[in-house]
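Examining the three-dimensional arrangement
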Amino acid sequence: MDLKSNHSSPVLTDPAALSKLRLGLPSNMSPYSPAASPYSSSGLYLTIPRIINGKLEDVRVNGWLDAMIASSPPHKKLSEDIIYESQTDDHDAAYQTWMISYPSALNSFHLITSYAKCKTVALFLDYDGTLSPIVENPDHAFMSSSMRAAVKEAAIYFPTAIISGRSRDRVHEFVRLSELYYAGSHGMDIMGPARVSNCIDVHPDCIKTIDSQGKEVHLFQPANEFLPMINEVYKSLIEVTNDIIGVKVENNKFCVSVHYRNVDNKMWDEVGVRVFGLINGYSRLHVTYGRKVLEVRPVIDWNKGKAVEFLLESLGLSQRDDVLPIYVGDDRTDEDAFKVLRETNCGFGILVSNVPKETDAFYSLRDSYEVQEFLKSLVRWKKSTALPTENFASKYI
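Quick summary incoming for the structure in this document. Given the structure is predicted, the values throughout are model-derived calculations rather than measurements.

1. Describing the overall build of the protein
Counting its regular elements, the protein contains 12 helices and 15 strands. Counting every position in the protein, which comprises 397 residues, the buried fraction comes to 53%. Considering only residue pairs separated by 6 or more positions, the protein has 68% of its internal contacts joining residues 24 or more positions apart. Per element, the accessible surface of the protein, about 18,000 Å² overall, is 52% carbon and sulfur.

2. Some words on the nonpolar core
Phe124, Leu237, Val271, Val275 and Val296 are the most contacted members of the largest nonpolar core, which totals 56 residues. At 6 residues, helix 8 (residues 268–279) tops the list of elements feeding residues into this core. Once residues within four sequence positions are removed from consideration, Val271 is found in contact with Ile244, Val247, Val258, Tyr260, Val263 and Leu294.

3. Some details on the sheet that holds strand 12 (residues 293–298)
One open sheet holds the 4 strands; their spatial order is 9-10-12-11, and the pairing between them is antiparallel. Two strands close off the open sheet at either side, each with one partner strand: strand 9 (248–251) and strand 11 (285–290). Adjacent strand axes in the sheet meet at a mean angle of 20 degrees, parallel and antiparallel pairs treated alike. Of the strands in this sheet, strand 9, strand 10 (256–259), strand 11 and strand 12 are in contact with helix 7 (residues 227–241), which crosses strand 9 at around 170 degrees.

4. Considering the environment of Glu250
With respect to the secondary-structure elements, Glu250 resides in strand 9. Once the C-alpha coordinates of Glu250 and Leu237 are considered, the two residues, 13 residues apart in sequence, prove to be 9.6 Å apart. Those residues in contact with Glu250 that sit more than four places away from it in its chain are Pro138, Arg166, Tyr234, Cys255, Val256, Ser257 and His259. In this structure the side chain of Glu250 is engaged in a polar contact, spanning 2.8 Å, whose partner is the side chain of His259.

5. Some words on helix 4 (residues 109–116)
Buried residues of helix 4: Phe109, Ile112, Thr113, Tyr115 and Ala116, and no others. For helix 4, the angular spread of the buried residues around the axis is 155 degrees, confining them to a single face. Looking at the buried residues of helix 4, the elements they touch are strand 3 (120–125), strand 13 (323–329), strand 14 (348–352), strand 15 (363–365) and helix 11 (368–385). Cys118, located one to two residues past helix 4, shows a positive phi value of around 65 degrees.

6. A word on the packing of helix 7 against helix 8
With their axes 10 Å apart at the nearest point, helix 7 and helix 8 run at an angle of 145 degrees to one another. Relative to helix 8, the crossing made by helix 7 is right-handed. Only Arg274, Val275, Leu278 and Ile279 of helix 8 make contact with helix 7, whose side of the interface consists of Val233, Ser236, Leu237, Val240 and Thr241. Among the residues forming the contact of helix 7 with helix 8, the class breakdown is 6 nonpolar, 2 polar and 1 charged.

7. Remarks on the packing of aromatic side chains
Per the counting criterion, the structure on display carries 13 aromatic pairs. Residues Tyr127 and Phe174 carry aromatic rings whose centres are separated by 5.3 Å and whose planes lie at 15 degrees to one another, so their mutual orientation is stacked. In this pair, Tyr127 is assigned in the loop between strand 3 and helix 5 (145–157) and Phe174 in helix 6 (residues 168–175), connecting sequence segments 47 residues apart. Measuring from centroid to centroid gives 5.7 Å for Phe142 and Phe174, while their planes differ by 70 degrees, and the two rings are edge-to-face. Within this pair, whereas Phe142 is found in the loop between strand 3 and helix 5, its partner Phe174 is found in helix 6, the two being separated by 32 residues in sequence. Pairwise contacts between aromatic rings join Tyr115, Phe348, Phe362 and Tyr363 into one cluster. Between Arg342 and the ring centre of Phe362, over which it is positioned, the NZ or CZ distance is 4.2 Å.

8. A short note on the packing of helix 9 (residues 304–314) against helix 10 (residues 335–344)
At a closest axis distance of 6 Å, the pairing of helix 9 and helix 10 adopts a crossing angle of 55 degrees. In terms of their interaxial angle, helix 9 and helix 10 are classed as oblique. Two secondary-structure elements touch here, helix 9 through Lys304, Gly305, Val308 and Glu309 and helix 10 through Asp336, Ala337, Val340 and Leu341. For the contact of helix 9 with helix 10, the per-class residue count stands at 4 nonpolar, 1 polar and 3 charged.

9. Topic: empty space enclosed by the protein
All chains considered together, the criterion is met by 2 cavities of 30 Å³ or more. Space inside the largest cavity adds up to approximately 380 Å³. If you go around the largest cavity, you meet 26 residues; those closest to its centre are Asp128, Ile134, His259, Val293 and Asp331.

10. Side note on the side chain of Glu370
Note on placement: Glu370 falls in helix 11. Despite its burial, Glu370 pairs with no opposite charge; the closest candidate is Arg366, at 4.5 Å N-O. In this structure the side chain of Glu370 is engaged in a polar contact, spanning 2.8 Å, whose partner is the backbone nitrogen of Arg366. Those residues within four positions of Glu370 in sequence are excluded, and the remaining contacts are Leu106 and Leu365.

11. Quick look at the pairing of strand 7 (residues 206–210)
By the bridge criterion, 5 bridges tie strand 7 to strand 8 (residues 216–220) in an arrangement that is antiparallel. In the sheet register, Thr209 faces strand 8, and the bridge partner there is Val217. In sequence, strand 7 turns back onto strand 8 through a hairpin of 5 residues, with Gly214 there showing a positive phi of about 85 degrees.

Conventions used here
Here the residue numbering is sequential within each chain, running from 1 through the sequence in written order. Totals for whole chains, interfaces and linings use every residue, but because this is a predicted model, local features are given only for residues with pLDDT of at least 70 and side-chain atom pairs only at 80 or more, for both listing and counting. Only heavy atoms go into the side-chain values, all of them from the structure, while hydrogens and water stay out. For the purposes of this entry, the term helix denotes a DSSP run of H or I that reaches at least four residues, the term strand denotes a run of E that reaches at least two, and both are numbered from the N terminus. Exposed residues in this analysis have more than 50% of their type's maximum accessible area, buried residues have under 20%, and partly exposed residues fall in between, with area computed by a 1.4 Å probe over protein chains only. Working rule for contacts: check all heavy atoms of both residues, and any pair within 4.5 Å makes them a contact. Each accessible area is a Shrake-Rupley estimate made with a 1.4 Å probe; only the visible protein chains count as cover when residues are assessed. Take the buried Ala, Val, Leu, Ile, Met, Phe, Trp, Tyr and Cys residues and link them wherever side-chain atoms come within 4.5 Å; each set so joined is a nonpolar core. Whether two strands pair depends on DSSP finding at least two bridges between them. Axes here refer to lines fitted to C-alpha atoms; in helices the fit is confined to the stretch in contact. Angles between the N-to-C directions go from 0 to 180 degrees. What qualifies as a polar contact is a pair of N or O atoms within 3.5 Å, subject to a donor-acceptor requirement within protein and to the restriction that residues adjacent in sequence count only when both atoms come from side chains. Directions drawn from the helix axis to the C-beta atoms are what define this arc. It is the rotation of the near helix from the far one that decides the hand of a crossing: anticlockwise by less than a right angle makes it left-handed, clockwise makes it right-handed. Gly falls in the polar group here, along with every residue not listed as nonpolar (Ala, Val, Leu, Ile, Met, Phe, Trp, Tyr, Cys, Pro) or charged (Asp, Glu, Lys, Arg). A pair of Phe, Tyr and Trp rings is counted when the ring centres sit within 6.5 Å of each other, with Trp represented by its six-membered ring. The angle between the planes then sorts it: under 30 degrees is stacked, over 60 is edge-to-face, the rest tilted. Cation placement over rings: the criterion is NZ of Lys or CZ of Arg within 6 Å of the ring centroid and within 35° of the ring normal. Every angle not falling under 35 degrees, over 145, or within 65 to 115 is termed oblique; those three ranges are roughly parallel, roughly antiparallel and roughly perpendicular. Think of a 1 Å grid over just the protein atoms. A cavity is a set of points where a 1.4 Å probe fits yet cannot get out, a pocket is an open set with protein on both sides within 12 Å along at least five of seven lines, and lining residues have an atom within 4 Å of a point. Grid points are joined across faces, edges and corners, and a volume is the space filled by probe spheres set on the points. Positive charges are assigned to Lys and Arg, negative charges to Asp and Glu, while His and the chain termini are left out of the count. A side-chain nitrogen of Lys or Arg and a carboxyl oxygen of Asp or Glu constitute a salt bridge if their distance falls within 4 Å.

Following this line, the structure appears as structure tokens:
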């Protein structure tokens with residue numbers, strides 16, 4: 001399939017492969033080679049351990065508990081407790097070494113814009129930990145007014161999408177910007193303004209509908225058949241974890257998130273026993289992990305990387321050499337998007353982290369504040385190079 005475009009909004013037709021050399025460079029001239037990196041990324045999906053007599057069999061041998069710990073590094077922050085200087089120095093030294101392979105996107109901004117010169121920059125942004133800081137209660141993950149202003153202005157000059165593990169409706173409630181494309185449930189729920197298409201009506205996963213403002217939109221939901229199963233599992237996960245203090249189960253429409261951020265780390269293994277014990281009975285679901293969260297998702301060939309490809313196609317940007325996609329995210333699930341951009345050599349992934357992590361990103365930013373500064377820098381750069389009337393809104397909407 002190819003996704004055709006009249007440069008107005010996402011519409012699904014037939015997918016086509018992305019060009020392998022969209023940066024216009026040989027693969028061995030990419031700014032940072034994955035082969036040279038000591039932090040090569042491993043697989044993202046967890047193998048479900050066997051459950052014997054209601055207990056998880058040797059979780060450490062199966063890598064499950066280690067994966068939960070590894071995916072949930074502690075934030076570096078000051079406290080009133082004694083902080084041993086040697087530990088702080090070791091942390092800083094490790095992070096500085098890591099940044100040799102994944103330099104700051106702010107410090108390397110001139111390199112990024114040198115690739116972006118005379119190109120259309122397409123922005124793809126995660127939400128939690130990227131546009132908003134990680135908080136104890138996921139219901140309170142509000143973005144600041146200054147971040148909202150930065151995202152709003154960026155969307156004027158660049159096609160911009162938010163791709164989140166949250167439900168699409170929930171992330172839209174947090175962001176409250178109509179200028180963006182929204183992809184919820186790790187890209188399994190995408191909505192954009194309707195456009196003319198000869199193929200849209202024949203694709204079972206993309207339909208025309210009306211949004212809350214009465215506008216005709218196209219809705220792409222490749223996991224729609226899983227809704228009854230996801231709702232059933234959501235209710236069951238609430239029941240099997242309700243006696244574990246601190247657990248929060250969140251229904252993100254096409255996936256279920258089990259947050260253990262507020263759970264005593266001595267009980268993490270019990271969280272895993274309950275979650276994997278339940279999901280072991282659903283062959284069409286699997287578990288992935290993020291920052292102190294286990295996520296139950298349908299077994300389909302779709303993720304944030306596929307969502308990036310879909311949105312590039314729908315915007316008519318995938319078959320062009322003058323496009324530079326940039327994806328900014330902080331979580332394991334964002335690695336699918338980083339991997340797509342690295343393997344196709346068509347754009348840059350930027351990992352948001354203040355600790356060393358395995359990643360397929362090219363660059364790094366420490367926190368949401370640096371993300372905001374990066375977006376503002378992109379806008380300033382675009383204003384300095386763009387024609388007076390050139391902006392994304394006038395060109396595509």
